[in-house]
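Report on the structure
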Amino acid sequence: MGKQLSIIQALDQTQPDAPPADVGQPQANLDGYRSGFVGLLGRPNSGKSTLLNAILGTKVAIVSNKAQTTRHAIRGVLHRDGAQVVFVDTPGIHKPKTALGERLNATASGTAGDADVVCLCIDATRRLGKGDRFIASQLPKSSIVVVTKIDVASRTQVLSQLGVAGELGFAEYFPTSARTGKGVAALVDKLCELMPAGPPLYPPDVVRDMPEAQWVAELVREQLLAATRQELPHAISVEVVEWEWPHIKVDISVERESQKPMVIGKGGSVLKQVGTSARAQLPDGAYLELRVKVVKNWQRRPEMLDRFGY
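In this text, all values refer to a predicted model and were calculated from it rather than measured experimentally.

**Remarks on the sheet that holds strand E2 (residues 74-80)**
Across the sheet, which stays open at both edges, the seven strands sit in the order E6-E5-E4-E1-E3-E2-E7 with mixed pairing between neighbours. Two strands bound the open sheet, and with one partner strand each, they are strand E6 (172-175) and strand E7 (208-209). Note that strand E5 (residues 144-148) and E6 share four bridges and pair parallel. Across the sheet, residue Val 145 finds its bridge partner in E6, namely Tyr 173.

So this is what it looks like as structure tokens:
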């Protein structure tokens with residue numbers, strides 16, 4: 001009964017918070033300073049990238065409702081007075097069907113081993129399954145469980161998920177909503193406390209640790225995820241092949257000839273929509289040249305995974 005009461009109290013005390021990030025503020029006094037890495041792990045679509053963006057108060061990771069949206073370990077840097085936290089967003093851990101899937105899982109698992117603190121993200125709207133429990137079994141018991149998307153879950157769902165989270169045996173658990181901000185500041189405060197003593201790892205103006213070319217490729221892929229459907233999103237890889245500002249040439253690779261017209265669209269409509277939406281998130285004057293090509297079965301070819309940076 002006491003445990004159930006603590007869960008209800010945690011839910012009731014989760015109020016809307018102001019954005020927790022003091023992004024880009026200089027750190028004047030390093031006495032007692034803390035810094036370190038937090039790994040965000042979980043199943044696909046468990047809300048990791050959306051949570052990261054909410055924590056930092058700016059977009060550092062692309063988001064969609066498609067599985068395998070995150071394909072790289074993406075670092076976002078939170079600057080606070082007295083602390084710097086480097087959040088590492090990871091691909092969703094899943095049962096792999098291709099060599100790409102195996103590499104995405106390896107990326108996530110490697111992050112867990114390198115982080116000072118691991119956050120296991122669990123979707124409040126989905127029943128805790130074997131995949132969640134398998135991931136949990138691989139993590140240190142000092143990890144923190146983050147129950148996400150509480151704004152779209154019923155109170156009963158949230159209480160149930162918190163109860164299950166409490167039974168996993170981890171140190172603490174936090175109900176959060178990236179969309180409304182509920183619980184986000186409390187989570188961040190705790191993570192700052194858990195960081196080891198040490199100087200800042202990044203300059204105060206760095207919020208996203210990613211090459212600009214990779215960021216542009218991610219923005220294009222995000223728009224392709226929104227514009228395409230069925231199996232096609234998994235078959236798409238995007239890379240910047242030329243950069244002579246303001247001209248940026250981008251190659252979009254698919255696995256079969258039959259997939260090219262779906263990416264291009266009638267009269268080039270899909271590519272035009274993708275280019276316009278991606279360019280709107282870049283500095284004024286940027287020009288994107290999008291080209292679609294076929295790289296047969298690239299998801300299953302280790303040499304192509306190396307080429308694409310997976």
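**Structural notes on the nonpolar core**
One finds Val 38, Phe 87, Val 220, Ile 252, Val 263 and Leu 288 to be the most contacted residues of the largest nonpolar core, which totals 53 residues. At six residues, the largest contribution of residues to this core is made by helix H7 (residues 212-227). Dropping the residues within four chain positions of it, Leu 288 is found in contact with Val 216, Val 220, Ile 248, Val 250, Gly 275, Ala 278, Arg 279 and Leu 282. In this structure, Ala 115, Val 118, Leu 120 and Ala 153 belong to the second largest nonpolar core, which totals 23 residues.

**What about helix H4 (residues 130-137)?**
By the burial criterion, the buried members of H4 are Asp 132, Ile 135 and Ala 136. An end-on view of H4 places all buried positions within 100° of arc, on one side of the element. Check the buried side of H4 and you find it contacts strand E1 (34-42) and strand E4 (117-123).

**Some details on the confidence of the model for the chain**
Mean pLDDT over the chain works out to 89, with 90% of the residues at or above the 70 mark. Counted against residues more than four places away or in other chains, residues 1-16, with its pLDDT under 50, gives 23 contacts. Confidence drops under pLDDT 50 across residues 18-28; counting only partners more than four residues distant or on other chains, this segment forms 29 contacts.

**Notes on the packing of H7 against helix H9 (residues 269-279)**
Each pair of packed helices can be summarised by the angle the axes make with each other and by the distance between the axes. Running from N to C, H7 and H9 cross one another at 135°; their axes reach a closest spacing of 9 Å. By the criterion of interaxial angle, the relationship of H7 to H9 is oblique. Classified by chirality, the crossing of H9 by H7 is right-handed. On the side of H7, the interface is formed by Leu 219, Val 220, Gln 223, Leu 224 and Ala 227, while H9 contributes Val 270, Gln 273, Val 274, Ser 277 and Ala 278. Its residues assigned to classes, the contact of H7 with H9 shows seven nonpolar, three polar and no charged.

**A look at the pairing of E5**
The element E5 is extensively covered by neighbouring structure, given that five of its five residues are classed as buried. Here E5 shows no split at all, with Ile 144, Val 146 and Thr 148 on one side and Val 145 and Val 147 on the other all buried. Pairing of E4 with E5, which is carried by five bridges, proceeds in the parallel orientation. Paired with Asp 123 across the strands is Thr 148, a residue of E5.

What counts and what doesn't
- Residues numbered from 1 in each chain as written.
- Predicted model: local features only at pLDDT ≥ 70, side-chain atom pairs only at ≥ 80, totals over all residues.
- Heavy atoms only, no water.
- Pairing = 2+ DSSP bridges.
- Helix = DSSP H or I, 4+ residues; strand = E, 2+ residues; numbered from the N terminus.
- Core = buried A, V, L, I, M, F, W, Y, C linked by side-chain atoms within 4.5 Å.
- Buried < 20%, exposed > 50% of the residue type's maximum accessible area, 1.4 Å probe, protein only.
- Contact = heavy atoms within 4.5 Å.
- Arc of directions from axis to C-beta.
- pLDDT = per-residue confidence, 0-100.
- Axes fitted to C-alpha atoms, helices over the stretch in contact; angles between N-to-C directions.
- Parallel < 35°, antiparallel > 145°, perpendicular 65-115°, else oblique.
- Left-handed = near helix turned anticlockwise from the far one by under 90°.
- Nonpolar A, V, L, I, M, F, W, Y, C, P; charged D, E, K, R; others polar.

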